[in-house]
Each structure stands twice: as C-alpha cells, then as structure tokens.
Amino acid sequence: MSIEKTSATADQAAVENPEAAAGSDVAVDPRLLVRERGFAGYISEFKRKIRAGDLGSLPVVVGLIIIWAIFASLNSNFLTAGNLSDISVAMVGTGMIAVGIVFVLLLGEIDLSVGSVSGVAGAAFAVLNVTHGMPEWLALILAILTGTVAGAIHGFVFARIGVPAFAVTLAGLLFWNGFMLQILGSNGTINLDSSGLVAKLSGYYFSDVAAAYGLAVVAVAVFFLTTFFDNRRREAAGVPSRPLSEIIVRTVLLAVVAFAAAAVFNQYKGLPLAVVLFLAVLVITDFVLRRTAYGRKIFALGGSIEASRRAGINVAAVRISVYAISGTFAAIGGLFIASKIASANQGAGAGDLLMNAIAAAVIGGTSLFGGRGRTWNALLGVLVIVSIQYGLALQGIASPVQYMITGGVLLATVVIDAVTRKTQKSAGRA
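Residues numbered from 1 in each chain as written. Predicted model: local features only at pLDDT ≥ 70, side-chain atom pairs only at ≥ 80, totals over all residues. Heavy atoms only, no water.

Caption draft 1: Molecular detail of the packing of helix 6 (residues 114-131) against helix 15 (residues 315-341). Relative orientation of the contacting elements helix 6 and helix 15 amounts to 55 degrees, with a least axis distance of 7 Å. Classed by the angle they form, the pair helix 6 and helix 15 counts as oblique. When the axes of helix 6 and helix 15 are compared, the crossing they make is right-handed. In this structure, helix 6 uses Val114, Val117, Ser118, Ala121, Gly122 and Phe125 to contact helix 15, whose residues at the interface are Ser326, Gly327, Ala330, Ala331, Gly334, Leu335 and Ala338. Per-class residue counts for the contact of helix 6 with helix 15 are eight nonpolar, five polar and no charged. (Axes fitted to C-alpha atoms, helices over the stretch in contact; angles between N-to-C directions. Helix = DSSP H or I, 4+ residues; strand = E, 2+ residues; numbered from the N terminus. Parallel < 35°, antiparallel > 145°, perpendicular 65-115°, else oblique. Left-handed = near helix turned anticlockwise from the far one by under 90°. Contact = heavy atoms within 4.5 Å. Nonpolar A, V, L, I, M, F, W, Y, C, P; charged D, E, K, R; others polar.)

Now the structure itself:
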C-alpha cells in the first residue's frame, strides 16, 4: 500500500514539474567529465574536483611558475633563450629514465636499478662501437636491448619467483654497476665520436626556424582534432563530454606554450633533436597507457592485483613487460647522457641520477601508491628538477644545497599526494 502511495505521489510530481522529472531520470556518475552542460558546468565541475582533492598537474605547474619567477628575479640570465634551451636538452636523459619509472610506479612498485642500467647501456655502446668497431646503428640497438633484457630479468624474478621488487632492483643496481665497470676495463673512460650518431642525439639542432614553428602548429592541430573528435564520439554514445568552449581554451593555452617554446629555441641554435625525440616518446607512451588494452591492464594492476587476476589479466606477464619497458627507457636515457658528455665513464648512472629520475616521476604527479599518473608527468617533474639545478648553478650555490632543495620539493610532493588520496577517499572518489 505504501509503495502504491509513493508511486502515485511521484507521478503527481512529474505532472506538476515535467522538467524536474526529466532531469531526475538521468543518473549522475561522479567519474564522468562534467555533470552539467556548457562551459559553466565545466567550471563548477572543476571546482568540485579541487574540493575533492583531484588536483591533477595543477600543483606542479604552479610550482614550476613560482620556481621560474624566483630564479628570474635573482638572475636575469635564467630566462634567456640559451639557458632555457640548455635546460630542455639537459632534461631529456633523466626524463627518458623517468618515463620508464612512471610505468613501474603505476603498478605501485619501484625500480632502483635504472641508474646502473643506463650506465651499462652507455658503456655497452662505447665498447661495441669504439673498441670493437661495430657500426653505430647496430651498437645503438644492442645497447638499448641490453636495458630491455636487464629489466625483463628483474621483472621475471619479481613476478615469477616472488622476490620483492625493492630487493630485486637493489641487487640489480649493484650487479649492473659492477658489470659496467667490468666492460669499461681499467681505463674507465671511452670517448665517443663527437660527430657520430649518439653524439647527435643531444648535439643536433634544426636550425631552420620553420622546424620549431612547424612542430608547434602540428602539436596544436593534432591536440584540437583528437580532442574534438573524441568528444564527438562521446556525444554520439550519449556520454557527457567537454564543451567546445573548453576545448578551444585548452587549445589556445597549448598554442601559447608551444609557440613561445618555438620562439625561444629559434633565438638560440634552433629546435633540439633531443626535445623532438622526447616529445615523440611522451606522445607514444601516453597513447599506449590511455588508449590500449595493455595500458588499461597496467592501471588495473595498480588499483587491485587480486581484482585484476580475477578479471583474467596475466599479472606476471604485465609485470615482466613493465620492468622490461623500464629497463629499455633507462638504456635510452643512458645513451642521451653519454651523448651529452660525449663519453662513457665509470661515473655513469651514479650520483643523484636514480633519485632524480624517481623524483621527476613523482613530482610530476605520478602516485607512489599506484594506479594514477601519466607519462607527461615525467616531463613536468624533470623540468622542475633541472630548472632548480640550473637556477642554483647560476647563483653559484653548491651541490649539497641543491640536494636539500630537491629533497624538500620531493617531500612536499609526496605529502600532497598522500593528502590528496585521503581527501579523495573521504569524497568517495578513490
């Protein structure tokens, strides 16, 4: 009887207010992009996400702006075209390693071997090419595959045997560092051909101004078209999507950044090849993570291993492949670092490289707890770290202070990540 009365009351309310009744039929999923139509709806959704702790890349972007403003006020040379171009090239080696770290962190794991693996790759290339006269292209491929094999070994021991990733990769750090010293021999340093293939990775610039501006045009056009047609597909499927006005605003912001960067590069030597390759890697890896079934499996494992296993995901295979990817990008990063100094030596992969690579991924916005992050985080994070290093170097501040400041920034980022997760759980978004 009470059910019939409730139904009658609801029918009467629907007759009196058909608009409200129509709106009540739409179930609101908090995971959707927007809950209201139009740009105003997106603004309200953005505010709701901020209150719920879904900050995204906002903290690191704001932090980067503050860092640049501080160093620019302390030294007028910081924002010169030459210094910014040098920063962009210097960040690529560590950034490539950080891309592999992002994959591992998405699983909620860690890889402590990437520094040593990067050193092995540089040493392997130098020995094969310089010492044994192997063609550069073949030595380059084998050096990268060295990192792939090393990562796959770590992944196998972790995924199949069950040894914790921390212990496996810590052992790898020691083993591969010793292996690098062994193959370099008593001399300890092998100089690379300054005009060779690897040297050009960080030393080649596209001097034609059309190259930088052309890349900016392509980047903006591709971003707008992919976002626009993706929204069209969402609308056709009846799923809430971003308003056109918001897409235009995002495109304009990207255009401002892209053309400003192009102008800076053209004021110096031109568009660096290293930056082009790094951006290509970021686009490809971001597509793999966000648009492929393999990428969704990685995120699933970072969310819940047991749920992933019950869903039919081969957990061991994904883990092994992720560590192989981490080793591959460590090797690629090692080659860029060797290119920057035009040699392979016993200090390769040592020092603060490992910590900077991990810090770059975390500072950029990848969660240490797994399941949240993008490879673009590596770009933002390494840009923050290298900017701090170059800014402090211009001020003549010693390395110990650089370490302390970088550590402070990393701690602040981890604290923000932990607080964000708690806020999201309380808001029902985790």
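Read on for the rest.
Caption draft 2: Molecular detail of helix 11 (residues 244-267). Given a rise of 1.5 Å per residue, 24 residues ought to cover 34 Å, and the 34 Å separating the end C-alpha atoms of helix 11 matches this to within 8%. Of the residues making up helix 11, those classed as buried are Glu246, Ile247, Thr251, Ala255, Ala258, Ala262, Phe265 and Asn266. (Expected span 1.5 Å × (residues − 1). Buried < 20%, exposed > 50% of the residue type's maximum accessible area, 1.4 Å probe, protein only.)

Caption draft 3: Representation of the environment of Ala159 within the structure. Its place among the elements puts Ala159 in helix 7 (residues 136-161). Between the C-alpha atoms of Ala159 and Tyr323, which are 164 residues apart in sequence, the distance is 9.9 Å. For Ala159, the contacting residues outside a window of four places in its chain are Ala316, Arg319 and Ile320.

Caption draft 4: Fine view of unusual backbone geometry. Here the phi dihedral of Ala342 falls at roughly 55 degrees; this positive angle occurs in a residue that is not glycine. Inspection of the secondary structure puts Ala342 in the loop between helix 15 and strand 4 (343-345).

Caption draft 5: Geometry of helix 17 (residues 376-394). For helix 17, which comprises 19 residues, the first-to-last C-alpha distance of 27 Å matches the rise-based estimate of 27 Å (1.5 Å per residue) to within 8%. In the segment just after helix 17, Gly396 is the residue with positive phi, at about 75 degrees.

Caption draft 6: Here's a closer look at the packing of aromatic side chains. According to the stated counting rule, one finds ten aromatic pairs in the structure shown. Pairing Phe175 with Trp176 gives two aromatic rings, centres 4.9 Å apart and planes at 85 degrees, and the pair type is edge-to-face. What makes Trp176 buried here is its relative accessible area of 12%. Taking the centre distance of 5.9 Å and the plane angle of 15 degrees together, the rings of Phe224 and Phe228 count as stacked. Here the residue Phe224 and the residue Phe228 both occupy positions in helix 10 (residues 209-236), the gap between them amounting to four residues, near one helical turn. Residue Phe224 is classed as partly exposed on the basis of its relative accessible area of 29%. Each residue in the set Trp68, Phe71 and Phe78 is aromatic and connected to the rest through ring pairs, giving one cluster. (Phe/Tyr/Trp six-rings, centres within 6.5 Å; stacked < 30°, edge-to-face > 60°.)

Caption draft 7: Summary view of a nonpolar patch on the surface. A cluster of nonpolar residues, Leu58, Val62, Ile66, Ile70 and Leu74, forms a patch on the protein surface that exposes about 420 Å² of accessible area. Along the polypeptide, Leu58 turns up in helix 4 (residues 58-74). Using a relative accessible area of 39% as the deciding quantity, one classes Leu58 as partly exposed. (Patch = residues over 30% accessible without salt bridge, like charges linked within 9 Å, V, L, I, M, F, W, Y side chains within 5 Å. Areas by Shrake-Rupley, 256 points an atom, 1.4 Å probe, with all protein chains shown as cover. Salt bridge = Lys/Arg side-chain N within 4 Å of Asp/Glu carboxyl O.)

Caption draft 8: Geometry of the environment of Gly115. Inspection of the secondary structure puts Gly115 in helix 6. Residues contacting Gly115, with those up to four places away along its chain left out, are Gly349, Leu353 and Leu354.

Caption draft 9: Broad picture of the packing of helix 5 (residues 81-106) against helix 17. Taken N-terminus to C-terminus, the directions of helix 5 and helix 17 make an angle of 135 degrees; their axes are 8 Å apart at the nearest point. In terms of their interaxial angle, helix 5 and helix 17 are classed as oblique. Classified by chirality, the crossing of helix 17 by helix 5 is right-handed. Contacts between helix 5 and helix 17 pair Asn83, Asp86, Ile87, Ala90, Met91, Thr94, Gly95, Ala98, Val99 and Val102 from the former with Ala378, Leu379, Val382, Leu383, Val386, Ser387, Tyr390 and Leu394 from the latter.

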